[in-house]
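Coordinate inspection notes
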Amino acid sequence: LFVVMMAGAAQAQTIASLELGTNSYSAITNGSATFTTKDANISALPNLTLTVGQHGQAGGNGYVSSKGWPTSTSVDTNAYWQFTVTAASGYQLSVTNLAVRGHRSSTGPTNLVCRSDVDSYASNIGGVVAIPTNSGTMTFTNLALSNRSAITFRLYSYQAGAAGGSFRFGDNGSVLEIKLQVS
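Parameters at a glance
Residues numbered from 1 in each chain as written. Predicted model: local features only at pLDDT ≥ 70, side-chain atom pairs only at ≥ 80, totals over all residues. Heavy atoms only, no water. Phe/Tyr/Trp six-rings, centres within 6.5 Å; stacked < 30°, edge-to-face > 60°. Helix = DSSP H or I, 4+ residues; strand = E, 2+ residues; numbered from the N terminus. Buried < 20%, exposed > 50% of the residue type's maximum accessible area, 1.4 Å probe, protein only. Lys NZ or Arg CZ within 6 Å of the ring centre and 35° of its normal. Core = buried A, V, L, I, M, F, W, Y, C linked by side-chain atoms within 4.5 Å. Pairing = 2+ DSSP bridges. pLDDT = per-residue confidence, 0-100. Contact = heavy atoms within 4.5 Å.

Applying the stated criterion across every chain, the model contains three aromatic pairs. Each ring, one from Trp 69 and one from Phe 167, has its centre 6.3 Å from the other, and the planes form 75°; the classification is edge-to-face. Of the two residues, Trp 69 is situated in the loop between strand 6 (63–67) and strand 7 (81–86) and Phe 167 in strand 14 (residues 166–169); the sequence distance between them amounts to 98 residues. Among the residues examined, Trp 69 registers a relative accessible area of 2% and is labelled buried. For Arg 115, the ring lying beneath its charged end belongs to Tyr 156, and the centroid distance is 5.3 Å. In this arrangement the basic side chain of Arg 154 is found over the ring face of Tyr 121, its NZ or CZ atom lying 3.7 Å from the centre.

Here we come to the nonpolar core. Trp 81, Leu 98, Phe 140, Phe 153, Leu 155, Phe 167 and Phe 169 are the most contacted members of the largest nonpolar core, which totals 29 residues. Those elements giving two or more residues to this core turn out to be strand 4 (47–50), strand 7, strand 8 (93–104), strand 9 (109–116), strand 10 (125–130), strand 11 (136–140), strand 13 (150–160) and strand 14. Counting five residues, the second largest nonpolar core, distinct from the first, contains Val 113, Tyr 121, Tyr 156 and Tyr 158.

Counting buried residues in strand 9 gives seven out of eight residues, a clear majority hidden from the surface. For strand 9 and strand 13, the ladder comprises seven bridges, and the chain directions are antiparallel. Among the inter-strand pairings, Asn 111 is bridged to a residue of strand 13, identified as Tyr 158. Where strand 9 meets strand 10, four bridges bridge the pair, whose relative direction is antiparallel. Within strand 10, the position partnered with Cys 114 by the bridge is Ile 125.

Our focus in this paragraph is the confidence of the model for the protein. Do not read the fine detail of predicted coordinates wherever pLDDT is low. Overall, the prediction assigns the protein a mean pLDDT of 74, with 63% of residues at 70 or greater. Mean pLDDT across the secondary structure elements of the protein bottoms out at strand 1 (residues 2–6), with 39, and peaks at strand 9, with 96. Segment residues 1–18 is flagged for pLDDT under 50; beyond a separation of four residues in sequence, or across chains, it makes 63 contacts in the model. Within the model, the stretch residues 24–30 combines pLDDT values under 50 with 25 contacts to residues more than four positions away or in other chains.

What follows is the structure, encoded as structure tokens:
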């Protein structure tokens with residue numbers, strides 16, 4: 001689930017959402033999965049794309065899986081999932097939080113970081129988040145990305161226990177929850 005919030009005089013209100021939905025990714029997904037739902041304040045449905053170094057695995061309804069993540073203890077800048085959010089004409093994005101649902105196998109990557117095109121993917125935003133072995137939510141907070149017409153995010157996972165360890169995005173249709181202010 002991908003939620004966009006708009007700042008109002010009294011409180012923020014949900015104005016857009018994106019999710020992978022119930023599309024079945026039961027075949028090997030070597031490249032991308034398309035979000036299935038959006039509101040008018042987001043200009044187009046983004047794709048969740050995987051870099052070439054990682055290998056797609058069979059997914060299922062509303063989730064995608066991959067393996068081949070780095071076993072190193074630091075970020076490999078060539079190993080990530082990526083998606084771009086573009087505001088509809090006349091709107092701007094201000095991102096505060098990003099929450100991702102998913103999990104890893106017992107030998108999958110243990111760490112996840114978020115970067116954006118705002119600084120050409122140079123630094124982590126929202127800290128390092130542990131990837132759970134059971135389905136859960138990984139949240140990046142205090143992102144402070146303001147007044148953008150579009151933002152591209154990259155989610156890097158690393159420190160896998162083995163090259164064959166997997167990382168799964170999604171959980172029965174709920175993939176990403178991003179709190180944005182759109183003005």
